[in-house]
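# Overview (structure and organization)
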Amino acid sequence: MAMSNRQVALILGEIGALLEIQGENPFRVRAYARAADQIDRLAHPVSTLSREDLEAIPGIGEAIAGKIQEIMNTGTCAELERLRTATPSGLIQLLDLTGVGPKTVRKLWMDLGVDGIDALEAAARNRRIRALKGFGAKKEGEILRAIAEARQRAGRMNRAEAERLASTLIAAIPGEAWVAGSLRRGRSTIGDIDIVTTAPPGETNLALRRMADAVIDEGERKISVMIGGRRADIRYTTPGECGAMLLYLTGSQAFNIRLREIAGRCGMRLNEYGLTVRDSSARLVFATEEEVFAALGMSPVPPELREDRGEIEKALEGHLPALLTREEIRGDLHVHSEWSDGVLSLREIAAEGERMGYEYILVTDHAAGIGIAHGLDAERLEKQRQEIRVVNRTASCTLLAGVEADILPDGRLSLPDAALEACDLVIASVHSAFRQDGDTMTRRLIAALENEHVDILGHPTARLIGHRPPVALDIARVIEAAAETETALEINASPVRMDLDDIYIRQAKERGVTLAIGTDTHHRPEFAHMRYGVALARRGWCGSGDLLNTRTADTLLERRP
Ligand code: DGT
Ligand code: CA
Ligand code: CA
Ligand code: ZN
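Note that the coordinates shown come from a computational prediction; the quantities given were computed from them, not determined experimentally.

## Topic: the coordination of the calcium ion (ligand 3)
The calcium ion (ligand 3) binds to the protein through Asp192 (OD), Asp192 (OD), Asp194 (OD) and Asp233 (OD), with metal-donor distances spanning 2.3 to 2.7 Å. Relative accessible area serves as the criterion here: at 21%, Asp192 is assigned to the partly exposed category. Asp233 sits in the buried class, given a relative accessible area of 15%.

Here it is as structure tokens:
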């Protein structure tokens, strides 16, 4: 399908904006803005124009005409991908804010170190923006309003954003409080925050009212507030009744409905306050969820499984699967260093691995390929392996020498086989031509799986939550090919990826495919995202035997011929 003029114009506009954020030559910045404008106003589909036609358009020279053809052929272009890699992805999202253009973004980035929407919100709430030259208190207020508005448009939160908001709320609540809802169930995206607390309602309502942008609903039993465009529901309970409330507010709704049916079959009524025996006024209350499950004759169901996808039947039979735990994870299988687009040295990565209690970390820098900044070629990879050997002499966490190779649009990889073979383990991922049709994309991924040197298919759907939809893909065929070629599928635990997601993880597991959790760390704090990956694996019903991360380094290396 040919790209529309609007799509091409948007890409040219993004290149111009990114060049400006990067502080590049103002003439190039303006050339892209102008070209975007021209394409947007063309009377004919840009896809019908020849190279000569393109260059005849005022303001479109040889260089930009070439870019336009590249964009129409691949859905993206090397220049754009280079800029996207070089620019913190949070900055690109700031451009979506009303009243915020590239020049503002550059100033916020350079002067305040703002690298995304959350940092911008923090800066505005701490009154650091009004102090900037040319900004002021009015602009600061506009920015806060634009953030709230953008979040309402953007839909669901990613887990990192949701966790930050939940901790802020819990810190403000004068008493014990627990996270419930989809956040507790480990879902990859979160609609709103749900919290259960035993704190006194009056005092808590006052505290929350003070920090909220708006109060939707307030009383003795609950309060619902809006903060930065996000909703939070807080329910009050007592220590003795906490179990039924936490169970109710954790959900899911489908799970709750089934539990009520089960209670009904035993002649009881279940709600968020406890169990009542029908035709009697006696109410049983529970301090813990476990006691509620016991009263219903079930084993306790872990929050990650509470979706009514077969777990209730298993819990009634007492046959719930043993799920993966964080303690069983021996290492992280996707980490970038300063050798490509990460910031940590190999030594710092090994030290972080030690701190996390890991036995190993698979270092997977980008291999040279289209759109990847500072990708490594075979020679640089060999140099990196030598340095890894040196670091491994003194570190207790072993660095494994891997690579993240690009799957090119035709299914070939961005590194020759000999270079792949020299690595301990190879991840192959899609980083370009995201708009291929489903059949082409599926065949492209299967070609990569069939390469005998590929061990893990990285972030299989390439989605970026709130930013880029999953690629078109026949996931069943990809899972089948992964099973046949004994290639692992990644559970990318970055909160903006969460890829594969739970349902696909479960399909893969059931077909006997091994999964590999990787945090895709580029900066130190991202190592902690391992917990998101573990939660996703649990939501996919995985036990320790389904993961590569639970194997010893020696067992992992035996996979290699
Ligand atoms: P979300 O916020 O869209 O990511 O998903 P949840 O699961 O957090 O849903 P939410 O916030 O609407 O409600 C939190 C929990 O409250 C939900 O998981 C189960 C419970 N709940 C909400 N509405 C109902 C309902 O109509 N019936 C029952 N049985 N439970 C409900
Ligand atoms: Ca919720
Ligand atoms: Ca809610
Ligand atoms: Zn990647």
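## Here's the deal with the site of ligand 1
By nearness alone, 15 residues border ligand 1, and Arg156, Ser182, Arg185, Gly191 and Asp192 come closest of all. The contact in question runs from a nitrogen atom of ligand 1 to an N or O atom on the side chain of Asn256, over 3.3 Å. In the complex, the protein chains occlude 72% of the 600 Å² of accessible area that ligand 1 would expose alone. Breaking the shell around ligand 1 down by element, the ones donating at least two residues are helix 11 (181-185), helix 13 (242-250) and helix 14 (253-265). For the shell around ligand 1, a count of residues per class yields three nonpolar, eight polar and four charged.

## Quick notes on the sheet that holds strand 10 (residues 283-284)
Pairing in this open sheet of three strands is antiparallel, and the strands run 8-9-10 from one edge to the other. Every interior strand has two partners, whereas the edge strands, strand 8 (268-271) and strand 10, have only one. The pairing of strand 8 with strand 9 (residues 274-277) spans four bridges and is classified as antiparallel. Paired with Asn271 across the two strands is Gly274, which belongs to strand 9. Contacts from helix 14 reach strand 8 and strand 9, with the element oriented near 155 degrees to strand 8.

## What about the coordination of the calcium ion (ligand 2)?
Note on the calcium ion (ligand 2): its protein donors are Asp192 (O), Asp192 (OD) and Asp194 (OD). The metal-donor distances range over 2.2 to 2.6 Å. Bound by six donor atoms, the calcium ion (ligand 2) shows angles of 70 to 165 degrees at the metal and therefore irregular coordination geometry. Taken as a pair, the calcium ion (ligand 2) and the calcium ion (ligand 3) show a spacing of 3.7 Å, with Asp192 coordinating each metal. Given a relative accessible area of 11%, Asp194 falls into the buried group.

## Overview of the domain arrangement of the protein
The domain boundaries assigned to the protein delineate domain 1 (1-87), domain 2 (89-154), domain 3 (157-236), domain 4 (242-317) and domain 5 (326-557). Relative placement of domain 2 and domain 5: their C-alpha centres are 33 Å apart.

## Concerning the environment of Ile129
With respect to the helices and strands, Ile129 occurs in the loop between helix 8 (117-125) and helix 9 (136-154). In sequence terms Ile129 and Leu112 are 17 residues apart; their C-alpha atoms lie 8.3 Å from each other. With near-sequence residues (within four places) excluded, Ile129 lies in contact with Leu108, Leu112, Leu120, Ala123, Ala124, Phe135, Gly136, Glu140 and Ile143.

## As for the nonpolar core
Core analysis: the biggest nonpolar cluster contains 68 residues, and Ile361, Leu399, Val403, Ile407, Leu489, Leu515 and Ile517 have the highest contact counts within it. Excluding residues that lie within four positions of it along the chain, Leu489 makes contacts with Ile456, Leu457, Ile479, Ala482, Leu500, Ala508, Val513, Thr514, Leu515 and Ala516. Met3, Leu80, Leu83 and Ile117 belong to the second largest nonpolar core, which has 47 residues in total.

## Points about the sheet that holds strand 2 (residues 177-179)
As summarised here, the arrangement of the five strands in space is 2-4-7-6-5, forming an open sheet in which the pairing is mixed. For this open sheet the edge positions go to strand 2 and strand 5 (214-218), each flanked by a neighbour on one side alone. With direction set aside, neighbouring strand axes in the sheet form an average angle of 20 degrees. The pairing of strand 6 (residues 222-227) with strand 7 (residues 230-236) spans six bridges and is classified as antiparallel.

## Some details on the pairing of strand 11 (residues 331-335)
Across the five residues that make up strand 11, a large majority, five, are buried. Pairing of strand 11 with strand 12 (residues 360-363) involves three bridges; the strand directions are parallel. By the bridge assignment, Asp332 is partnered in strand 12 with Ile361. In this view, the connection linking strand 11 to its parallel neighbour strand 12 by way of helix 17 (residues 346-355) has right-handed handedness.

## Examining the packing of aromatic side chains
The full count for this structure, using the stated rule, is one aromatic pair. For the pair Phe255 and Phe293, a centre-to-centre distance of 6.4 Å together with 65 degrees between the ring planes defines the contact as edge-to-face. Here Phe255 is found in helix 14, whereas its partner Phe293 is found in helix 15 (residues 289-295), with 38 residues between them in sequence. The same class applies to Phe255 as to Phe293, namely buried.

## Considerations on the pattern of salt bridges
Where charged atoms from two side chains of opposite charge approach closely, those side chains can pair. Scanning all chains against the criterion turns up 47 salt bridges. Between Glu307 and Arg539 there is a salt bridge, and its shortest N-O distance comes to 3.0 Å. Linking Glu307 in the loop between helix 15 and helix 16 (311-317) with Arg539 in helix 23 (residues 530-539), this pair joins segments that are 232 residues apart in sequence. Taken as a pair, Glu307 and Arg539 share a single burial class, namely buried. The partner of Arg412 in a salt bridge is Asp410, with the nearest N and O atoms 2.8 Å apart. Using a relative accessible area of 48% as the deciding quantity, one classes Asp410 as partly exposed.

## Concerning unusual backbone geometry
Of note, the bond from Gly251 into Ser252 is cis; its omega dihedral lies within 30 degrees of zero at -5 degrees. Residue Asp499 is joined to Leu500 through a cis peptide bond whose omega torsion reads 5 degrees. In this structure, Met498 is a non-glycine residue whose phi angle is positive, near 45 degrees. Looking at where Met498 falls in the secondary structure, it is placed in the loop between strand 16 (488-492) and helix 22 (502-510). Residue Met498 is classed as buried on the basis of its relative accessible area, which comes to 0%. Unlike most non-glycine residues, Trp541 shows phi in positive territory, near 65 degrees.

## A look at the side chain of Thr461
Among the secondary structure elements, Thr461 is positioned in the loop between strand 15 (456-457) and helix 21 (475-485). What makes Thr461 buried here is its relative accessible area of 7%. Ignoring any residue separated from it by four or fewer positions in sequence, one finds Thr461 in contact with Pro470, Val471, Leu473, Asp499 and Leu500.

The rules behind each value
- Along each chain, the written sequence defines residue order, and numbers are assigned to residues from 1.
- Chains carry letters and ligands carry numbers; both start at the beginning, A for chains and 1 for ligands, and go up in the order they are written.
- Restriction of local features to residues with pLDDT of at least 70 applies here, the model being predicted, together with a cutoff of 80 or more for giving and counting side-chain atom pairs; totals for whole chains, interfaces and linings are based on all residues.
- Hydrogens and waters are ignored; side-chain quantities use all the structure's heavy atoms.
- Only nitrogen, oxygen and sulfur atoms qualify as donors, provided they sit within 2.8 Å of the metal or within 3.2 Å for Na, K and Ca; with water excluded from the atoms, sites may seem incomplete.
- For every residue, the accessible area (1.4 Å probe, protein chains only) is compared with the maximum for its type, and the residue is labelled buried under 20%, exposed over 50%, or partly exposed between those bounds.
- Residues are labelled near a given molecule or strand when at least one of their non-hydrogen atoms is within 4 Å of it.
- Whenever a nitrogen or oxygen atom comes within 3.5 Å of another N or O atom, the pair is scored as a polar contact, on the condition that within protein one atom can donate a hydrogen and the other can accept it, and that pairs from neighbouring residues in sequence are kept only if both atoms are in side chains.
- Accessible areas in this description were obtained via Shrake-Rupley with a 1.4 Å probe; residue shielding takes into account the shown protein chains only.
- Segments assigned H or I by DSSP are reported as helices when at least four residues long, segments assigned E as strands when at least two residues long, and all are numbered from the N terminus.
- Side-chain classes follow a simple rule in which Ala, Val, Leu, Ile, Met, Phe, Trp, Tyr, Cys and Pro form the nonpolar group, Asp, Glu, Lys and Arg form the charged group, and the remainder, Gly included, forms the polar group.
- A pair of strands counts as paired when DSSP detects no fewer than two bridges linking them.
- Should any heavy atoms of two residues lie within 4.5 Å, those residues are considered in contact.
- For every element, the axis is a line fit to its C-alpha atoms; helices are fit only across the contacting stretch, and the angle between N-to-C directions ranges from 0 to 180 degrees.
- Each label reflects the angles at the metal, where four donors whose angles all fall between 85 and 135 degrees are tetrahedral, four or six donors whose opposite pairs open beyond 155 degrees and whose other angles stay between 65 and 115 are square planar or octahedral respectively, and the rest are irregular.
- For the domain bounds, the source is a domain assignment made automatically or taken from a database.
- To define a nonpolar core, start from buried Ala, Val, Leu, Ile, Met, Phe, Trp, Tyr and Cys residues and group those joined through side-chain atoms within 4.5 Å.
- Look down the strands so they point away from you; if going from the first strand over the helix to the second traces a clockwise path, that crossover is right-handed.
- Two aromatic rings from Phe, Tyr or Trp, using only the six-membered ring of Trp, form a pair when their centres are within 6.5 Å; if the ring planes differ by under 30 degrees the pair is stacked, by over 60 it is edge-to-face, and anything between is tilted.
- One side-chain nitrogen of Lys or Arg within 4 Å of one carboxyl oxygen of Asp or Glu is enough to make a salt bridge.

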